Amino acid sequence: MNAASWLNSEAFTVFGQHIKWSDMIGNTIGLVALALGWRRSIWTWPAQLLSGAILLVAFASAHLSGSAGKQLVVIVVALWGWWSWNRGGQQAQDGSIAVRFATWRERGVLIGAAALGTLAVGGLFTAFPSLSWDPWPDAYIFVGTVVAMYAQAKGMVEFWFAWLLVDLVGVPLNFANGFAFSGFVYIIYGALVLWGMRDWWLRTRTPALEGATA
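Residues numbered from 1 in each chain as written. Predicted model: local features only at pLDDT ≥ 70, side-chain atom pairs only at ≥ 80, totals over all residues. Heavy atoms only, no water.

Looking at an unreviewed UniProt entry, the protein chain carries the name Nicotinamide mononucleotide transporter family protein, with the source organism given as Streptomyces microflavus. Here the protein chain is described in UniProt, under the heading Subcellular location (unreviewed entry), as follows: "Cell membrane". Among the UniProt annotations of the protein chain, the heading Sequence similarities (unreviewed entry) holds the following wording: "Belongs to the nicotinamide ribonucleoside (NR) uptake permease (TC 4.B.1) family." (UniProt positions renumbered as here; feature names shortened; annotations may be inferred.)

Next comes the structure, spelled out in structure tokens:
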């Protein structure tokens, strides 16, 4: 059995739900990545990269092209985010990344990009049904993930709001498509997102703790 076959094999069954190794491992690493993002650690990006690679195998085998394509984008954005945080930019005194609220203009751009992106990707999935079983929810998650990761790379507190909105659709979609572990993990994501949002929010109110430009 090769690595791809093993990743897509069943790990165990719980409450009638069949849990795949790829689903379990990829999402567990994703949780670690989110926790590292909460701590503003640069290691969040390699963790997201690895999670995306494993989940790409999982979704591609299930013929969920939208979700698989999302993981390709996750990999690309993770590489860009890793590079962006490595450049220096605004850093806190503890060496982690300083955070801020987006400007109203930036928020408008994020919302507009999310809306137009979802319409474009959802239209593509609808025109070519083989690309996704659930075109509009899949498109919403696809675009929402990209927007969230972009905002994270820029150190914007709004990235947590974007993840929360993705979670609201991700939980039922994953259960419906047979990725039960992903569904459970998305619920945990929701709790981590709320805690992470609070932490980043408080950081924006204590500028004295945030160091100068590196």
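**Section: the side chain of Thr44**
Tracing the backbone shows Thr44 in helix H3 (residues 44-61). On the basis of relative accessible area, Thr44 is assigned to the buried category, the value being 0%. Once residues within four sequence positions are removed from consideration, Thr44 is found in contact with Ala33, Leu36, Gly37, Trp85 and Gln152. (Helix = DSSP H or I, 4+ residues; strand = E, 2+ residues; numbered from the N terminus. Buried < 20%, exposed > 50% of the residue type's maximum accessible area, 1.4 Å probe, protein only. Contact = heavy atoms within 4.5 Å.)

**As for the packing of helix H6 (residues 135-153) against helix H7 (residues 158-176)**
Two elements in contact, H6 and H7, have axes whose closest approach is 9 Å; the angle formed by their N-to-C orientations is 155°. On the basis of the axis angle, H6 is roughly antiparallel to H7. For the element pair H6 and H7, the recorded crossing hand is left-handed. Across the interface between the two elements, Pro137, Asp138, Tyr140, Ile141, Gly144, Thr145, Ala148, Met149, Ala151 and Gln152 of H6 pack against Phe159, Ala162, Trp163, Leu165, Val166, Val169, Gly170 and Leu173 of H7. For the contact of H6 with H7, the residue count by class is 13 nonpolar, four polar and one charged. (Axes fitted to C-alpha atoms, helices over the stretch in contact; angles between N-to-C directions. Parallel < 35°, antiparallel > 145°, perpendicular 65-115°, else oblique. Left-handed = near helix turned anticlockwise from the far one by under 90°. Nonpolar A, V, L, I, M, F, W, Y, C, P; charged D, E, K, R; others polar.)

**Focus: the environment of Ile111**
For Ile111, the position within the fold is in helix H5 (residues 104-127). A C-alpha to C-alpha distance of 8.7 Å links Ile111 and Val147, two positions 36 residues apart in sequence.

**Overview of unusual backbone geometry**
A positive phi angle, close to 60°, is found at Arg40, a residue other than glycine. Residue position: Arg40 is located in the loop between helix H2 (21-38) and H3. According to the relative accessible area criterion, Arg40 is buried, its value standing at 4%.

**Looking at the nonpolar core**
Note on soluble globular proteins: their nonpolar side chains tend to be buried together. Ranked by size, the top nonpolar core spans 42 residues in total, and within it Leu34, Met149, Trp160 and Trp163 carry the most contacts. Those residues within four positions of Leu34 in sequence are excluded, and the remaining contacts are Trp160, Trp163, Tyr189, Leu192 and Val193. Counting five residues, the second-largest nonpolar core is a separate cluster that includes Leu7, Ile29, Ala33 and Ile54. (Core = buried A, V, L, I, M, F, W, Y, C linked by side-chain atoms within 4.5 Å.)

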